[in-house]
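So you can see what is in the structure, the chains are spelled out below.
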Protein chains: 2
Amino acid sequence: MPRPTLRSVANAAGVSTAAVSYAFNRPDRLSAQVRTQILAEARRQGYSGPDAAGRSLRTGRAGAIGVIFTVGLSYAFSDPYVLAMLGGLAEVTERTRTGLVLIPFDLGTAGLDDDARRQSLDAVHRAVIDGAVADGLGDGHPAVRVLADRKIPIVQSAETTAGRCVVTDDRAAGRDIGAHLAGLGHTDVTVVVASPAEPGVPVPDVDEGTLYPYSTLRLTGIREGLGGTARIRVVSGGRNAPESGRVAADLALAGPGRPTAIAADSDVLASGVLDRLRAHRLRPGTDVSVTGFDDAPLAAPAGLTTVRQPMRDKGRLMGRMLLDPAYTETRVVLPTELIVRSTTGPARLPERTS
Amino acid sequence: MPRPTLRSVANAAGVSTAAVSYAFNRPDRLSAQVRTQILAEARRQGYSGPDAAGRSLRTGRAGAIGVIFTVGLSYAFSDPYVLAMLGGLAEVTERTRTGLVLIPFDLGTAGLDDDARRQSLDAVHRAVIDGAVADGLGDGHPAVRVLADRKIPIVQSAETTAGRCVVTDDRAAGRDIGAHLAGLGHTDVTVVVASPAEPGVPVPDVDEGTLYPYSTLRLTGIREGLGGTARIRVVSGGRNAPESGRVAADLALAGPGRPTAIAADSDVLASGVLDRLRAHRLRPGTDVSVTGFDDAPLAAPAGLTTVRQPMRDKGRLMGRMLLDPAYTETRVVLPTELIVRSTTGPARLPERTS
DNA sequence: TCCGTCCCGTTAATCGATTAACAAGACGGT
DNA sequence: ACCGTCTTGTTAATCGATTAACGGGACGGA
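These figures come from a predicted structure and were not determined experimentally.

## Focus: the nonpolar core
Generally speaking, nonpolar side chains in soluble globular proteins are found buried as a group.
Move 1: By size, the foremost hydrophobic cluster in this structure holds 62 residues, and its most contacted members are Phe69(A) and Phe69(B).
Move 2: Residues within four places of Phe69(A) in sequence aside, it is in contact with Ala76(A), Val82(A), Met85(A), Leu86(A), Leu102(A), Phe105(A), Asp135(A) and Leu137(A).
Move 3: Counting residues in each nonpolar core, the second largest holds 38 residues, with Leu121(A), Val144(A), Val146(A) and Leu147(B) among its members.

Next up, the structure:
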């Protein structure tokens, strides 16, 4: 016997397909009698209800929203920022019984003709979703563009010209960091950012045009906070992971002109930086100051000076924007707070080992 | 202008819908000429490619697999076991460009007539997926049943009679724990399990019929390992969370007959237990022994004796079973290893405070 | 008796795409 | 001149459901 369908049940039960549809979707439209018959026949055939794909096509609703990240999916599950955000988002989707589609995409291939892009963004094209949350991705990002082309409502956690977004004021937060460091006398700062590359790929001199939107903003803020005279260098060790922080730290510490402070774009990166400082017998906060971002769970135990942002709220609000029609806000700015701990202290020039 | 479709593009370009479909899916079937024309017209209309729902229906493929957990979605993102498993799973889905649909379901309502169940399991019905991974859920679980009814290929991480599964030998692992404790002279052990309830709900005497499949097996193993004469009590403080461990620990420590050891069903629960021990001024491993399960990242720093299981591999293998046609294994057993650290030690009877 | 309401089931159009089978023309070889 | 083979585009059936609009019968009130 082939797979049962609405029609096969209808035929066997001697009713129209409409009746079967109603039996499952609008019980009140049918007499109890007929409904029971239909359900019985359905059970007999092993028909468990209307097919998801068929229903999706006909109703134009998927009952699910998509999520895309700056970071590879398999890695996302170890990123505290992403996890907190997803947790908040899930609170909302759970309540509305909405599925969460985690979409993998791979932009390793930089070949950008229309076809290659379609291929690589296949999953973004094929996702059956009613809306999407784009975390950390700007308007220009290919995956965001695909979603926009598909006319799928989208909420971003980065500034957007046309769409809706929930953001933290990364620039102001950067300014707080910069000012804090400036106040401690730091004038030579290395900024550690994440890049889409695998962890462990050292980039001694980052092209600022390729930064994630939030990185650009934080960097700008740090510059502003430090004032015009500070020397600033931007390095990367790959995607947001401790290993990348380690690689970036080695980059920063190599050579003669060691910076007096290292500002990492996330606590995860900062934790890697701290690892390497210790390996180099440099005391964080004394020999070299270090800052992070997020105030992830790992930050407090490490004594890391960082910027707290309400990560879970971010997810929650993005979810509400997408799923709660009553919530019409188009742009929400979340507060941040500089949390000073022990990894920052007065600038101290490296002693010459000559 | 209405939303562009395959047909609207075909009409405007003066070709058949088949041609348009081929233009996007099988470029080689068309002359470069015609293809370019079609793509141009598509771009003009803002048509970004075949609609996902339509395509899904027609091809019978969704390009995504579902995941269901024992635990609520919003909580899943803070469960180290789940995260490791998901990470492994994502490695596989990423490679095959397959989406990951996290399905929320809510069984708070115990009313179980066919309709209420359909309602509550709505998301499981509606998910557009090609297969599913069920973590920790047995054949009898409603959500698993729905998936089975839908004839969706499913891989479980619990024993199954008909389907495929990737499991750890929980019973043997339990035996290891039991034997380890027995070897240290423990004869009075409280087992802490997770239940579907919110954290913080004390259950002083758990009905063993309601346990998750893995808990049942571990418990059986612990009994076997301890030998027939040991006194065993099973308590719960709610779903897998530190708070539940705390509540369960209070339950275990209350009253006169304090156990000499507490065996928790996960490291997360164990961490809560350790919290409370400290609060009661009891030294883990000296006054009371504690064991966990999983060897999650938190275990080593806490000195927790636990059973290591390859969580990430579990996800990876479940993914392969579902997505790699060459992988025909039907049941895989993963190894476990008892990791003895400092939270277990020789049994010591509580001193009477009379 | 007549008519307005309900109740409940049916008719039929439609959602947006894929793909086997076919056919027309081009091409090359003998 | 003839025929097999490619190449390239079309025809048309099909995937599985939803829902506005319709209509026949029962029922109640005047």
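## Some words on the relation of the copies chain A and chain B
Move 1: For these two chains of identical sequence, chain A goes onto chain B by a turn of 180° and a shift of 0.1 Å along the axis, with RMSD 0.1 Å. Taken together, the rotation and translation describe the operation of a two-fold axis. Identified as the residue of chain A closest to the rotation axis by C-alpha distance is Val101(A), at 2.1 Å.
Move 2: Most of the interface of chain A is mirrored in chain B, where 100% of its interface residues again form contacts.

## Regarding the protein's contact with DNA strand D
Move 1: Neighbouring residues of DNA strand D: 30 residues in total, closest Leu6(A), Ser21(A), Asp51(A), Arg29(B) and Arg58(B).
Move 2: Of all DNA strand D atoms lying within 4 Å of any protein atom, the proportion belonging to sugar or phosphate reaches 55%.
Move 3: A distance of 2.6 Å separates a base oxygen of DNA strand D from a polar atom in the side chain of Arg29(B).
Move 4: In the environment of DNA strand D, a phosphate oxygen lies 2.6 Å from a nitrogen or oxygen atom belonging to the backbone of Ser31(B).
Move 5: The set of elements that each furnish at least two residues to the surface near DNA strand D consists of α2 (17-25) and α4 (52-59) of chain A together with α2 (17-25) and α4 (52-59) of chain B.
Move 6: Here the surface near DNA strand D is built from residues that sort into 13 nonpolar, nine polar and eight charged.

## Observations concerning the protein's contact with DNA strand C
Move 1: Ser31(A), Arg58(A), Leu6(B), Ser21(B) and Asp51(B) are the nearest of the 29 residues found near DNA strand C.
Move 2: Sugar and phosphate atoms form 55% of the subset of DNA strand C atoms that lie within 4 Å of the protein.
Move 3: A distance of 2.9 Å separates a phosphate oxygen of DNA strand C from a polar atom in the side chain of Ser16(A).
Move 4: A distance of 2.6 Å is found between a phosphate oxygen of DNA strand C and a backbone nitrogen or oxygen belonging to Asp51(B).
Move 5: By residue number, the principal contributor to the surface near DNA strand C is α4(B), which donates five residues.
Move 6: Of the residues assigned to the surface near DNA strand C, the class counts are 13 nonpolar, eight polar and eight charged.

## Let's talk about the sheet that holds strand β6 (residues 188-193) of chain A
For sheets, the rule is that strands pair by backbone hydrogen bonds, running either parallel or antiparallel.
All names here are of chain A.
Move 1: Reading across the sheet, the four strands line up as β7-β6-β8-β9 and stay open at both edges, with parallel pairing between neighbours. Of all strands in the sheet, those with a lone pairing partner are β7 (231-236) and β9 (289-291), marking the two edges. Going from strand to strand, the sheet's axes swing by 20° on average, the running direction of each strand aside.

## Points about the domain arrangement of chain A
Move 1: Annotation of chain A at the domain level lists domain 1 (6-50), domain 2 (64-168 + 311-336) and domain 3 (170-308).
Move 2: Taking only C-alpha atoms into account, the centre of domain 1 of chain A sits 38 Å from that of domain 2 of chain A.

## Section: the interface of chain A and chain B
Move 1: Counting from both sides, the interface comprises 49 residues of chain A and, opposite them, 49 residues of chain B.
Move 2: Summed over both partners, the interface of chain A with chain B buries about 4,100 Å², with 55% contributed by carbon and sulfur atoms.
Move 3: A per-residue breakdown of the area chain A buries against chain B is headed by Phe77(A), Arg97(A) and Arg126(A), which together make up 17% of the total.
Move 4: Taken together, the connections running from chain A to chain B amount to zero salt bridges.
Move 5: Counting the contacts that link chain A with chain B gives 10 residue pairs in polar contact (both at pLDDT 80 or more).
Move 6: Within the residue set of the side of chain A that touches chain B, elements represented by two or more residues are α3 (32-45), α4, α5 (73-76), α6 (80-95), β2 (99-102), α7 (114-120) and α8 (122-126) of chain A.
Move 7: With seven residues, the single largest contributor to the side of chain A that touches chain B is α6(A).
Move 8: Each residue belonging to the side of chain A that touches chain B can be placed in one class, and the counts come to 18 nonpolar, 15 polar and 16 charged.

What counts and how
Residues numbered from 1 in each chain as written. Chains lettered and ligands numbered in written order. Predicted model: local features only at pLDDT ≥ 70, side-chain atom pairs only at ≥ 80, totals over all residues. Heavy atoms only, no water. Core = buried A, V, L, I, M, F, W, Y, C linked by side-chain atoms within 4.5 Å. Buried < 20%, exposed > 50% of the residue type's maximum accessible area, 1.4 Å probe, protein only. Contact = heavy atoms within 4.5 Å. Least-squares fit on C-alpha atoms with pLDDT ≥ 70 in both. Near = heavy atom within 4 Å. Polar contact = N/O pair within 3.5 Å; in protein donor to acceptor, adjacent residues only side chain to side chain. Helix = DSSP H or I, 4+ residues; strand = E, 2+ residues; numbered from the N terminus. Nonpolar A, V, L, I, M, F, W, Y, C, P; charged D, E, K, R; others polar. Pairing = 2+ DSSP bridges. Axes fitted to C-alpha atoms, helices over the stretch in contact; angles between N-to-C directions. Domains from an automatic or database assignment. Buried area = accessible area lost by both parts, 1.4 Å probe. Salt bridge = Lys/Arg side-chain N within 4 Å of Asp/Glu carboxyl O.

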